[in-house]
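Per-entry structural report
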Amino acid sequence: MKQKIIDMRNRPAFLHDFFGATPSTPSYETAKWLNQRVGSKEPEHFRRSYTVEGYLQEIDDAGIDFAVVVGRETPDLTIDDNQVAQLVKQSPKLVGLGSIDIETRGVESALAAIDQAINQHQFKAINIEPGFGKPARYVDDPIFDPVYQACQHHKVPVCVMSGPTTPDLDYAHPNAVARLARKYPDLNIICFHGYYPFVNEIVGAAFRYPNLYLVPDMYIFQPGAELYVQAANKFLGDQLLFGTSYPFRPMQQTIDDFIQLGFRDEVLEKVFYGNAARLLNLGEKE
């Protein structure tokens, strides 16, 4: 039987220069460099997603059932909800997440954007990136409380993005997200990039707080990431989710590599599909 797959972090290259949309530019070279850094065998593979058709073909060829498209709203990079909404209309396999920068928007605008993301665009979660703000903030800073409360009201998870590309790694440490999980025990918190490189710390936090969900995506193949797999085979099996981080790693290669990491069969099914389907309330998308 074919393994069902939900890719929790997937964007086409054409969506923004940040993803390598324009050859012979610094952003293109950065996308290529990051692919090389995380082990892509074909570091310019993302050129195949320069069109909607090419992007969807990549998803189909990899056998992915749902690809979760997350935009960004930070002072330095915006891929807004309307762009994501237009993209996910192109296929029932595409699932959108909203992105909010409450620091820039203010509370009233942020709450309106969350309401639109959930009720109009039918997005499945809200993404924030406190460590990339100006000023950078910890995820448990009270300025974000209206976002967390709104997510609870709408019964959707909040996603926080934090990893080694965070400008100041102090803001990439899991201490703050552990405090957040304690403060909001009924809020499901999805951690993109799995708080790598602080693997021991985030695994310890997830042991304590079952409302923390980890998506190590492309970093699960890096040195020191073996603990994600070991923990999933013990206690973390319901809290780990699969993601390719496309276009920064090829979809098919990432799936193939992931299968070889050493997950128990029953755990692999949860990580590839079951956990995300439950968390995002994904059945057959209408």
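Structure: above.
All values derive from a computational prediction rather than experimental measurement.

**Regarding helix α6 (residues 145-154)**
Burial of α6 is extensive: seven of the 10 residues sit out of reach of the surface. Within α6, burial applies to D145, P146, V147, Y148, A150, C151 and H154.

**Thoughts on the packing of aromatic side chains**
Under the criterion given, the structure shown has 13 aromatic pairs. On the numbers, 4.9 Å between centres and 65 degrees between planes, the contact of F242 with F272 is edge-to-face. With F242 in the loop between α9 (226-236) and α10 (251-259) and F272 in helix α11 (residues 265-280), the pair connects residues that are 30 residues apart, well separated along the chain. Taken as a pair, F242 and F272 share a single burial class, namely buried. An aromatic cluster of at least three residues, connected via ring pairs, comprises F242, F258, F263 and F272. R72 extends its terminal NZ or CZ atom over the ring of F132, reaching a point 5.2 Å from the ring centre. Its end group placed over the ring of F221, R249 keeps NZ or CZ at 4.0 Å from the ring centre.

**Considering the packing of helix α2 (residues 52-62) against α10**
What describes two packed helices is the angle between their axes and the distance between those same axes. Their axes nearest at 8 Å, the elements α2 and α10 cross at an angle of 25 degrees. Judged by the angle between their axes, α2 and α10 are roughly parallel. In this structure, the crossing between α2 and α10 has a hand that is right-handed. Along the contact surface, α2 presents Y55, E58, I59, D61 and A62, while α10 presents M251, Q252 and I255. Within the contact of α2 with α10, the residues separate by chemical class into five nonpolar, one polar and two charged.

**Brief notes about the pattern of salt bridges**
Summed over all chains, the structure comprises 15 salt bridges. One salt bridge in this structure joins R249 and D257, with 3.0 Å as the shortest N-O distance. In this structure, a network of salt bridges that share partners links the residues E42, R48 and E58.

**A few points about the packing of helix α5 (residues 107-120) against α6**
Packing of α5 against α6 brings their axes to within 10 Å, and their N-to-C directions diverge by 25 degrees. Accordingly, the angle class assigned to the pair α5 and α6 is roughly parallel. Crossing of α5 against α6: the hand is right-handed. Contacts from V107, L111, I114, D115, I118 and N119 in α5 reach P146, V147, A150 and H154 in α6. Across the contact of α5 with α6, the residue classes tally to seven nonpolar, two polar and one charged.

**Here's the deal with the nonpolar core**
Formed by 82 residues in total, the largest nonpolar core has its most connected members in Y55, I189, Y228 and F263. Contact partners of F263, with chain neighbours within four places excluded, come to I220, V229, A232, N233, L240, F258, L268 and V271. Counting 22 residues, the second largest nonpolar core, distinct from the first, contains V95, V215, A276 and A277.

**Topic: the pairing of strand β5 (residues 94-99)**
Consecutive side chains along a regular strand alternate between the two faces of the sheet. With six of its six residues buried, β5 lies for the most part within the structure. Residues L94, G96 and G98 point to one face of β5 and V95, L97 and S99 to the other, with burial holding for every one of them. Here strand β2 (residues 66-70) runs beside β5; their pairing, made up of four bridges, is parallel. Bridging across to β5, V68 finds its partner in V95. The sheet contact formed by β5 and strand β6 (residues 126-128) spans two bridges and is parallel. Opposite S99, over in β6, you have N127 as the bridge partner.

**Here's the deal with α10**
Every buried residue of α10 is accounted for by M251, Q253, T254, I255 and F258. Where α10 is buried, its residues touch α2 and α11.

**What about the pairing of strand β8 (residues 189-192)?**
Side-chain alternation along β8 places I189 and C191 on one buried face and I190 and F192 on a second face that is also buried. In this sheet, β8 lies alongside strand β7 (residues 158-161) in parallel orientation, the contact comprising four bridges. Bridge pairing in β8 links V160 to C191. Regarding the hand of the β-α-β motif, the stretch spanning β7, helix α7 (residues 175-183) and β8 is right-handed.

Rules of the game
- Residues numbered from 1 in each chain as written.
- Predicted model: local features only at pLDDT ≥ 70, side-chain atom pairs only at ≥ 80, totals over all residues.
- Heavy atoms only, no water.
- Buried < 20%, exposed > 50% of the residue type's maximum accessible area, 1.4 Å probe, protein only.
- Helix = DSSP H or I, 4+ residues; strand = E, 2+ residues; numbered from the N terminus.
- Phe/Tyr/Trp six-rings, centres within 6.5 Å; stacked < 30°, edge-to-face > 60°.
- Lys NZ or Arg CZ within 6 Å of the ring centre and 35° of its normal.
- Axes fitted to C-alpha atoms, helices over the stretch in contact; angles between N-to-C directions.
- Parallel < 35°, antiparallel > 145°, perpendicular 65-115°, else oblique.
- Left-handed = near helix turned anticlockwise from the far one by under 90°.
- Contact = heavy atoms within 4.5 Å.
- Nonpolar A, V, L, I, M, F, W, Y, C, P; charged D, E, K, R; others polar.
- Salt bridge = Lys/Arg side-chain N within 4 Å of Asp/Glu carboxyl O.
- Core = buried A, V, L, I, M, F, W, Y, C linked by side-chain atoms within 4.5 Å.
- Pairing = 2+ DSSP bridges.
- Right-handed = clockwise from strand over helix to strand, strands pointing away.

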